[in-house]
Amino acid sequence: MPRLTSRALAWLCLAILPGWSSLAAQTAPGPPVNTDLPAVIDEASGLALSTREGELLWTHNDNINDPGSMERVTPYVFGISPSGDLRVQLRLEGVTQRDWESIDAARIDNREMLIVADTGDNRASWPDYVLWFIPEASPATQGKEVEASPDALLRYRYPDGPADTESMVFDPRTNRILLLTKREDPPRMFSLPADARQPFPAEPGLSDRRRLESAPVEIADPVGTMARLQPTDPINWLLLPLTGSQTNRPTGMALSPDGSTLAVLTYASLYFFHRGARSDWSEAITRPVTSRSLPRIDQWEGLAFSADGRHLYVVREGTGPDTLLRLEVPEGARSGQP
C-alpha cells in the first residue's frame, strides 16, 4: 500500500505541474511580516495608502449591521500605521453604510480625497451602488477622533444588472475609477469617470438617504474581461474541487505608485497585471505577468502598495494575530516582465 500511494502521489504531482508551474515559477515571495489590527477594526474590508503621508494606511469595517437593517449607525474610517497602531478615526456624518467593500486615496483636482466604495451585493439585489468622496484628514489630526463628511458622491449601476464588487481603485492616468466584479468567472472590469461625481452638501429637511436617492445615476463603462485567476500553488489547486472558484474570486485591488501595475487579491493569492505606456487595461488584464500565494487561504479583503512600490499591505477580516501583513512584491511585477 505505501508503494502504491507514493506512485499515485507522483502521478498526481505530474498532473498538477502543467496547471500551476508557469505562474509559480514567476513567484518570488519573501516571508510576510505579520502584525495585528486594532481591535476596533474587526471586519476590515478595504485598505489604501494615504496620499498625504506615506506611513499612514486607511481602512474600514465591512458593515456594522445587516445590510437590510434600518438602524441608524455612524460609520468610521480608520487611519493606522504600517505596524498596526491606530492613529486617527474619522467619524463620518451624512454617509450611509450598506456594504462597504473598498477604499482608495487619491489626489483629484489638487485635493487629497478618500473614495469609499459601498458596492457589496452578495445577493445581486441592489439596483445601484455609490462611491463616497471624503476629504482626507490632515496629519495634524492624528491620534484623535474627528468628524468628517463627504463633499461628493458617485451613484452608479452596471449596464446589464446588479453585480457584487469588492475591488475598486482610482487610476490617475485616466482620471477614472476602476471596478472589478467578484462573483463572475472570469471577473469583468468596469470604469467610471471621476468627473461624474456630484456635490453632496448638507441640505436642511432632507435625510441622508433621501439626498442619496436624489442623486443622478451613472452607467459604468465596460473595460474588459480579466483572465481567469488560476490557482498559484498545489494546495490551492488540490482544494479547487472542494472550494470551486470561491478562493480565487477578487476581493481587492491596488495600483502601484507609478500606475503601471495592478495587484488583484483573492482569498488565496495575489495576481499582478502590467500596463505599458501605450496599452490600456482592456489589454493588460487578459493575462497576469506574475503572481504569489498568500500564507494561507483566509478572508483577505484589502490591499495597498507601499510608497516605494516594493511591498504590499494586506488586511483580513477578524481580530487577533496576522490581520495585517506586509508582503514583498515579486520582481516580475515591479519590472512588468514575466
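Everything numeric in this text was worked out from a predicted model, so none of it was measured.

Cut-offs applied
Residues numbered from 1 in each chain as written. Predicted model: local features only at pLDDT ≥ 70, side-chain atom pairs only at ≥ 80, totals over all residues. Heavy atoms only, no water. Helix = DSSP H or I, 4+ residues; strand = E, 2+ residues; numbered from the N terminus. Buried < 20%, exposed > 50% of the residue type's maximum accessible area, 1.4 Å probe, protein only. Contact = heavy atoms within 4.5 Å. Areas by Shrake-Rupley, 256 points an atom, 1.4 Å probe, with all protein chains shown as cover. Pairing = 2+ DSSP bridges. Axes fitted to C-alpha atoms, helices over the stretch in contact; angles between N-to-C directions. Polar contact = N/O pair within 3.5 Å; in protein donor to acceptor, adjacent residues only side chain to side chain. Core = buried A, V, L, I, M, F, W, Y, C linked by side-chain atoms within 4.5 Å. pLDDT = per-residue confidence, 0-100. Salt bridge = Lys/Arg side-chain N within 4 Å of Asp/Glu carboxyl O.

Novice: Can you lay out the overall build of the chain for me, pointing to particular residues and giving the numbers?
Specialist: Looking only at helices and strands, the chain has five helices and 23 strands in total. Burial analysis of the chain (338 residues in total) assigns 52% to the buried set. In the chain, 59% of the contacts between residues at least 6 apart in sequence involve partners at least 24 apart. As displayed, the chain has an accessible area near 14,800 Å², and 52% of this comes from carbon and sulfur atoms.

Novice: Run through the sheet that holds strand β12 (residues 176-181), naming residues and quoting values.
Specialist: Ordered by their spatial adjacency, four strands build an open sheet running β11-β12-β13-β16, and the pairing between neighbours is antiparallel. Bordering the open sheet on either side are β11 (165-171) and β16 (221-225), each of which pairs with just one other strand. On average, each strand axis in the sheet is inclined to that of its neighbour by 25°, with strand direction left out of account. Sheet topology note: the strand β13 (residues 188-193)/β16 ladder contains four bridges and is antiparallel. Bridge assignment links M189 to a residue of β16, and that residue is G224.

Novice: Let's hear about the side chain of S269: which residues, and what values?
Specialist: Mapped onto the fold, S269 is located in strand β19 (residues 269-274). Within the local environment of S269, its side chain forms a polar contact with the side chain of T232, the two groups lying 2.7 Å apart. Apart from residues lying up to four places away in sequence, S269 is in contact with T232, N236, V264, R292, S293 and L294.

Novice: Before we move on, can you summarise the nonpolar core with the specific residues and values?
Specialist: With 23 residues, the main nonpolar core has W58, V77, L90, L92 and W132 as its most contacted residues. L90 has contacts with W58, P75, Y76, V77, L114, A137 and V146, leaving out every residue within four places of it along the chain. If you look at the next biggest cluster of nonpolar residues, it comprises 22 residues, including A106, A163, A196 and A220.

Novice: Explain the pairing of β19 residue by residue, including any values.
Specialist: Put simply, side chains in a regular strand alternate between the two faces of the sheet. In terms of residue burial, β19 counts as a mostly covered element, since five of its six residues are buried. Two strands pair when backbone bridges link them, and strand β18 (residues 261-265) and β19 are joined in this way by five bridges, in the antiparallel orientation. Note on β19: the bridge partner recorded for V264 is Y271. Between β18 and β19, which follow one another and run antiparallel, lie three residues.

Novice: Before we move on, can you summarise the sheet that holds strand β22 (residues 311-316) with the specific residues and values?
Specialist: Ordered in space as β1-β23-β22-β21, the four strands form an open sheet in which the pairing is antiparallel. The sheet is open, and its two borders are formed by β1 (33-35) and β21 (300-305), each paired with just one other strand. Going from strand to strand, the sheet's axes swing by 20° on average, the running direction of each strand aside. Bridge analysis of β21 against β22 gives five bridges, and the strand direction is antiparallel. If you follow L303 over to β22, its bridge partner there is V314.

Novice: Got a sec to walk through the environment of M168? Specific residues and values, please.
Specialist: Relative to the elements of secondary structure, M168 occurs in strand β11. Classification of M168 as buried rests on a relative accessible area of 1%. As a C-alpha pair, M168 and I103 span 65 residues in sequence and 7.1 Å in three-dimensional space. Look past the residues within four positions of M168 in its chain and what remains in contact with it is S102, I103, D104, I115, A117, L131, I177, L178, L179 and M253.

Novice: Break down the confidence of the model for the chain for me, with residues and values.
Specialist: Averaged over all residues, the pLDDT of the chain is 85; the fraction at 70 or higher stands at 83%. Ignoring residues within four places in sequence, the model shows residues 1-28, a span with pLDDT below 50, making 25 contacts including any to other chains. A low-confidence stretch, residues 65-70 (pLDDT under 50), is modelled with five contacts involving residues beyond four sequence positions or located in other chains.

Novice: So, the pattern of salt bridges: which residues are in play, and what are the values?
Specialist: All chains considered together, the criterion is met by 20 salt bridges. A salt bridge links R91 to E145, with the nearest nitrogen and oxygen atoms 2.7 Å apart. Pair noted here: R91 is in strand β5 (residues 86-92) and E145 is in strand β9 (residues 144-148), with a separation of 54 residues, a long-range link. Residue classification places E145 among the partly exposed positions, given a relative accessible area of 40%. Through salt bridges with shared partners, a single ionic network connects R91, E93, E145 and E147.

Novice: I'd like a description of unusual backbone geometry, backed by residues and values.
Specialist: In this structure, the amide linkage connecting D185 to the following residue, P186, adopts the cis form with an omega of 0°. Take P186: it is sitting in the loop between β12 and β13. Positive phi, close to 65°, is recorded for N110, a residue that is not glycine. Relative to the elements of secondary structure, N110 occurs in the loop between β6 (100-108) and β7 (111-118). Assessed through its relative accessible area of 64%, N110 is described here as exposed. Look at D322: it is not a glycine, yet its phi comes out positive at around 60°. Tracing the sequence through the fold places D322 in the loop between β22 and β23 (324-328).

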